Every structure is written in structure tokens, then in C-alpha cells.
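Structural characterization, general
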Amino acid sequence: MSVLLNKDSRVLVQGFTGSEGTFHATQMIDYGTNVVGGVTPRKGGSRHLDRPVFDMVAEAVEKTKADTSIIFVPPAFAADSIMEAATAGIKLIVCISEGIPVNDMILVKRYLSDKDCRLIGPNCPGIITPGEAKVGIMPAFIHQKGKIGVVSRSGTLTYEAVDQLTKTGLGQTTAIGIGGDPIIGTTMLDAIKLFMADPATEGIVMIGEIGGGMEAEAAYWIKEHGTKPVVGFIAGRTAPKGRTMGHAGAIIGGKADTADAKIEILTHCNIAVVDSPATIGEKMKSLL
Amino acid sequence: MNLHEYQSKELLKKNGVDVAEGIVANTVEEAVAAAKVMQERTKRNEVIVKAQIHAGGRGKGGGIKLARNLDEVKEKAGAILGMQLITPQTSAAGKKVHKIFIQEDAYYDGPSKIKEFYISILLNRNTSKNIIMYSTEGGMEIELIAEKTPHLIFTEEVDPFLGLQDYQCRTIAFNLKVEGVAYGNMLKFLKGLYKTYNSIDAALVEINPVLNTTDDRILAVDAKVRLDDNALFRHPDLLAMRDLTEEDPTDVEAGNNKLNYVKLDGNVGCMVNGAGLAMATMDIIQLAGGEPANFLDVGGTANAERIEKAFQIILKDPNVKAILVNIFGGIVRCDRVAQGIVDAYKSIGNIPVPIIVRLQGTNAVEAKQLIEASGLKVHSAIQLQEAADLVTMLVK
């Protein structure tokens, strides 16, 4: 089992024929992901990577029965692409694009609020269910089918955790990079709920960072409803106040935004918080 | 990107918000000329001389002064222009003042009682909506209001599909207890404020204080505007307002090279791909007994050229005693990064501090071999823990 994504997912690539879309679609196909086609406006009717190209997402959904989409379009147009996918009936939208204006994402969130679909990202590495499908830009070879669910706001830090889980033999059910922006589709709590409900997931790794209240929200829920061990790591203990640390969402505004405050809440909510990301794998192993 | 007060006020005025008026000046002569114009306009002698820097708390640092006549304007302008202004929000060295704003003194005598409010518009991350945050306790920092009188901070959430509604403006005006002519002026003020925020893709518009003058005008006495950097592509006019003298030159250089760099006070420099891993690496340095000298994310497409630039930027900091390179290769191939390190070593010449290189992920083994074969004095690691141990060894 897994969450959100499996070998039957029918994946569309928006921004298919661009350089990023081409590169990552190729890797996704090599991994065995069922990429059924792509969308690039005004290139409809042609073929790319041996798959059909469409002008519009709606048309692509009609012809290919796609249920999942990954977006590689430039940030200025990405919000529009998310809304197009949602309107066309895509159920899982993964937006990789980095640098989308906040006001655009406010409108996207509002628009998606009554739609039957889920957004992952933006500004994220995507989602992978090892051995089944990859809808993202993560290096596939470090993953291994297994029993841990991983959710993270950071890309390379996710890879770090995944790599350790693979080396300790635990593997992953699904790994989700939810993104580093202030407004994202799937929250840490959303992902945790999915993993708690997934019978194949035996433990969960949650990786957060400074800024926002997402980790605390997830932690309080875990305290009440959690049924599986959770290992946590919060990046940015040494980050200064008021400076954005790379991710637009990683900024310490008030006291609740600091890593220390979050670590305290997570610990209070029975999450095993590790000091160093180097020990995530070991810690999880010790808890199972 | 931050704007100066005088720039923020221009934008506010354009959108129908009344502000405490003034004229920007670069020299004492310009300041005196500006003060003459303001005196004629207001029919009063007093003007306020305000330092224009990107930091709050200017008054506390001596950057805002009342001048009662032109002689005092000359004196105060002379003192403020060129000073290193230190405020609670600047570094210990402060910021050099290049520009001043000669502003009307809005606290004149009159029939009504003066009131100061706090009003800002910003994103509420928890709901993904913009909110208007406001308080009757203007004039002091919002953090302080939150600490002392949290029950006097109100918020009004804006539905992005509807925009700010009239009833919401009325609610705010009633909660702020503005009356008479000031009530109508407050509604107009709020509408203009929201219009400004939206039209410029702001990340923050903060007016503190908002003044209810003795003749019931509602004025923005101060104005702080921060723009959403991601939206600047659609506002070339705002981008033109960027004041590079307000930014750290090293930060600007890093930004021009697509490097995300934040200088810190420690002794171990670091170079990492990905923001989360970069923060985690800083934390690891501290755990290992060092102090991080910087945050540096080389991004997802680090090439040899960018790695070299990153080394140059880190080495500008004389406190750096060691450098930890931590790359988790995904799309980025570790052997290419390793080649970048070797090239940087050769082209920069003698790098005076030890370098610990931890390359993991795609082609990590090839990368380690490449570095070892180069004969450089680089400590190489593959596991994160090994790297941390090396940091401990070197900082001791």
C-alpha cells in the first residue's frame, strides 16, 4: 500500500516539452511511472517522449483518463496551470515550480477549496511511491519500497531521510515533499493523516523547519489520534530572526516560529525529535 | 524587497490614502529647500526630519527629529544625513543614512483629541488569506502591543474572491472608536490601504501610527511596505525603487549569482544544496561545537562556476575558520560539484582554511575519488555524521 500515488496512477506532465519537463518526464518514465501524455499549449497533436501532447488539460484528461498531473511551468504561469488542472478534473496535482507570487497562491487555495482534488507543493520535490511511481524530481535510486511514510517541507533534507531509511532497511511506503512556500496545498497534517490511515505504513518521519504553524498543528493531532511512531526533525535552530532562509516560508516572525518552540511542542506531543538529521534512520529503527 | 517610507507613501497616495506629507532630500541644502516648501504648504514652522533607512525604531536611534525652524532643519538634517543609525532592528554597526524625509508635523493643535492606531495588512499563513490587523494602541511596536495588551489587537480576514467589503471597514472603524468626520475618513483610508496592498503585490503594508489628527483627518504618519519578491516580475516600476545601498553588498553579489546567502556571526562557513538541508547543516555545525558563519544554498542546478563563486563569497568573511560543503546529489551530480571544488581551489589559489566536503547521492563515490585524486587538502566524507565529526575535530 501507499498514499496518493501508485502504479495505476495515470500521470500528465504540464510543461511537457520544455527542458525541465522533458528531463524529469524522462526520468519518471524510466522509473516506471505511467506517464500518459503531456500538455504544452499550441503543441497539441504532436508527440513527445513517445507520448501524445495536448493543448489543454481538459482535452488530455478526456483522451488519456489522466488522474494525476505534475507541473513544470514557469512561476508566472504556474497558478493558472494548477487551476486548469483542477478544473479539468485532475485529482492529484503536483506543482514543482518555485517562485509563485503569494497573491496567486491565495487565489489558488481559495479556488481549490471546494474542488475534489489535492495539490502538493508548490516549490517541492514531488511525491514518490518506491517501486511503483514517481511524480517529482527526486533521485529515484535512493528510495526503496518499505514501511515508513516521509513528509517534509524541504527537498534535499527529504533525500537525506530517505537515504537513511533505505540504508537501515526500513524503506518507504511513500515520500511526500510538501514544499517550502508560505502557502502550500497539502499540509504536514494532511500527509500525516494519510500515513496514519495507510495499513502499510508502520512509522512516519516528519521534517519541518522554522516559520509557520504547520508542524505544531500536525503534532497536536498526533498527540490525540496518532497510532504509529513518529520521528521528527526541525531545521533552523541556528537561523536568525527576520531573515528568510532560502524557502519563502522559512522565516522567524514570532516566538512560535522558532525551531526550539516547535521542537518543544513536538516533544510534548510524543514525537521522537532528533537533534541531528544524521540520526533520523537510526531513531526510527529503534522505535519499531 | 523593502521600500523606504517616502516611496511607500507615494504608492499609498496614488491609491487614495492620506499620508503625512513630505519631500525627500539627499543633502542639507535640499532639506532646507524642502522644509521651506512644507512650511508654505502647512502654514506652520515645524517639520519633522526623518532618516530613510530600511529598519524600524528609527526614532529610538536618533533618526527622527522635530525641527522648529529652518536653522534647526539645517542642524538636524546635517546631523542625520550620513550618520550610522543604530536601531533595535539594525545590526550593531547600524545603517548609514543617505536620504532624509522632510515631513509635515501632523501633531498640531486643534479641536479633536489626537489618537494613534496601528493598522497592517499581511498574509495569515494558517488560513492562506490576507488579514487586516489593527489596534487602538498605535505608536508602539506591534510585538509590544501583543505582549502588553493582546486583547486590543483585532483582525479582519479578507476573502480573496471578494476583496475587502464595506462592512469590514465599518467593523474596523467601530472597533477603533473613530467618530464624526474621522469615521468616513477611516473607511476611505482602509479601502485605499487594501487597494495599495493588492495592486503592488505587497507582502506587508504596515502603518504605525495611523493618526486621527485634531481636525479629524486620518493619516499615515509612517509607512512600511515589503514587496513579494516573487511578484516583482510584473512590477518593473517597483523594481526600479530598489535601493541597493540598503542591502549588504555580499548579499547582492550572491543574489546576482543565484546563490541564496545569509551572513551569520560564526566561524564555520557552509555551502549546501537546498534550503532545508542548508539550515540543518548550520544546526549540525553548532551541535559539533562550531558556529555557522552563514547560510548558503547553491540551488538545485549547482555547476562548477557557481560553486567557485560561492567559495569566494564565503571567504570574504574573515571569521571563517573552516568550510563545510554538504551536497546531496539528486539532479545535481556530485562528481560535477567535486570538479567545481577542485577548479575553485585552483583558480582562487590558496584557500587558507580547511574544507570538509560531504557529497552524497548521485555519483558520490566518483566524487570522493575525484577529490582524493586531486591531492587537495580536503577532508572528504560521505555520511553526514562523518562530516559532523570532522567539523568537531577542526574547530577544536
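Our subject is the structure listed above.
Residues numbered from 1 in each chain as written. Chains lettered and ligands numbered in written order. Predicted model: local features only at pLDDT ≥ 70, side-chain atom pairs only at ≥ 80, totals over all residues. Heavy atoms only, no water.

Residue and element names in this part refer to chain B. Relative to the 16 Å expected for 12 residues at 1.5 Å per residue, helix α10 (residues 304-315) spans 17 Å between its end C-alpha atoms, a close match to the ideal helical length. Every buried residue of α10 is listed here: Arg306, Ile307, Ala310, Phe311, Ile313 and Ile314. Buried residues of α10, viewed axially, fall in a sector of 165°; they line one side. (Helix = DSSP H or I, 4+ residues; strand = E, 2+ residues; numbered from the N terminus. Expected span 1.5 Å × (residues − 1). Buried < 20%, exposed > 50% of the residue type's maximum accessible area, 1.4 Å probe, protein only. Arc of directions from axis to C-beta.)

Right, let's get into the nonpolar core. Counting 92 residues, the largest nonpolar core has Ile70, Val94, Ile192, Val205, Met206 and Met245 of chain A as the members making the most contacts within it. Here this core takes 7 residues from helix α9 (residues 275-287) of chain B, the largest share from any one element. In this structure Ile70 of chain A touches Val11, Leu12, Val13, Gln14, Met28, Val94, Ile96, Val135 and Gly136 of chain A, once residues within four positions along its chain are discounted. In terms of nonpolar packing, the next biggest core, distinct from the first, is built from 38 residues, Leu3, Ala220, Leu238 and Met241 of chain B among them. (Core = buried A, V, L, I, M, F, W, Y, C linked by side-chain atoms within 4.5 Å. Contact = heavy atoms within 4.5 Å.)

Here the focus is the pattern of salt bridges. Residue and element names in this part refer to chain B. Counted by the stated rule, this structure contains 34 salt bridges over all chains. The partner of Lys13 in a salt bridge is Glu21, with the nearest N and O atoms 2.8 Å apart. For Lys13, a relative accessible area of 44% translates into the label partly exposed. Owing to a relative accessible area of 24%, Glu21 belongs among the partly exposed residues under this scheme. In this structure, the salt-bridge partner of Asp201 is Arg234, at a minimum N-O distance of 2.9 Å. (Salt bridge = Lys/Arg side-chain N within 4 Å of Asp/Glu carboxyl O.)

Residues and elements named next belong to chain A. Counting buried positions over the 6 residues of strand β11 (residues 172-177) gives 6, a clear majority of the element. Here strand β8 (residues 126-129) pairs with β11 via 3 bridges, running antiparallel. From the neighbouring strand, Ile127 faces β11, where its bridge partner is Ile176. Running through helix α5 (residues 155-167), the crossover from strand β10 (residues 145-152) to the neighbouring parallel element β11 is right-handed. (Pairing = 2+ DSSP bridges. Right-handed = clockwise from strand over helix to strand, strands pointing away.)

Right, let's talk about the packing of aromatic side chains for a bit. This structure, assessed with the given rule, holds 3 aromatic pairs over all chains. Note that Lys115 of chain A overlies the ring of Tyr111 of chain A, its terminal NZ or CZ placed 4.0 Å from the centroid. (Phe/Tyr/Trp six-rings, centres within 6.5 Å; stacked < 30°, edge-to-face > 60°. Lys NZ or Arg CZ within 6 Å of the ring centre and 35° of its normal.)

This part is about helix α11 (residues 334-348) of chain B. Residue and element names in this part refer to chain B. For α11, which comprises 15 residues, the first-to-last C-alpha distance of 21 Å matches the rise-based estimate of 21 Å (1.5 Å per residue) to within 8%. For α11, every residue scored as buried is listed here: Cys334, Asp335, Val337, Ala338, Gly340, Ile341, Val342, Ala344 and Tyr345. Tucked inside the fold, the buried residues of α11 contact α10, β16 (322-329), β17 (355-361), α12 (364-374) and β18 (378-381). With its phi angle positive at about 95°, Gly349 sits one or two positions after the end of α11.

Of the consecutive residues Gly121 of chain A and Pro122 of chain A, the connecting peptide bond is found in the cis state with omega at 10°. Residue Pro209 of chain B is bonded to the preceding Asn208 of chain B through a cis peptide linkage, with omega at 5°. One non-glycine residue with positive phi stands out, namely Leu4 of chain A, at about 65°. Note on placement: Leu4 of chain A falls in the segment before β1 (11-14). Given a relative accessible area of 31%, Leu4 of chain A falls into the partly exposed group. For Asn123 of chain A, which is not a glycine, the phi torsion comes out positive at approximately 55°. Counting through the fold element by element, Asn123 of chain A comes out in the loop between β7 (118-120) and β8.

To continue, consider a nonpolar patch on the surface. A contiguous nonpolar surface patch, about 280 Å² in accessible area, is contributed by Leu107 of chain A together with Phe161 and Leu162 of chain B. For Phe161 of chain B, the location among the structural elements is in the loop between β9 (153-157) and α5 (166-175). (Patch = residues over 30% accessible without salt bridge, like charges linked within 9 Å, V, L, I, M, F, W, Y side chains within 5 Å. Areas by Shrake-Rupley, 256 points an atom, 1.4 Å probe, with all protein chains shown as cover.)

Moving on, we get to the interface of chain A and chain B. Across the contact, 53 residues belong to chain A and 46 residues belong to chain B. Summing the contributions of chain A and of chain B, the shared interface buries around 3,900 Å²; its carbon and sulfur component is 61%. At the boundary of chain A with chain B, the tally comes to 4 salt bridges. Where Arg234 of chain B meets Asp104 of chain A, a salt bridge forms, and the shortest distance between an N and an O atom there is 2.7 Å. Linking chain A with chain B are 12 residue pairs in polar contact (both at pLDDT 80 or more), by the criterion used here. Mapped by element, the contributors of at least two residues to the side of chain A that touches chain B are α1 (19-31), α4 (102-112), α5 and β13 (230-235) of chain A. Counting residues per element, the side of chain A that touches chain B draws most heavily on α4 of chain A, at 8 residues. Residues that form the side of chain A that touches chain B fall into these classes: 27 nonpolar, 15 polar and 11 charged. (Buried area = accessible area lost by both parts, 1.4 Å probe. Polar contact = N/O pair within 3.5 Å; in protein donor to acceptor, adjacent residues only side chain to side chain. Nonpolar A, V, L, I, M, F, W, Y, C, P; charged D, E, K, R; others polar.)

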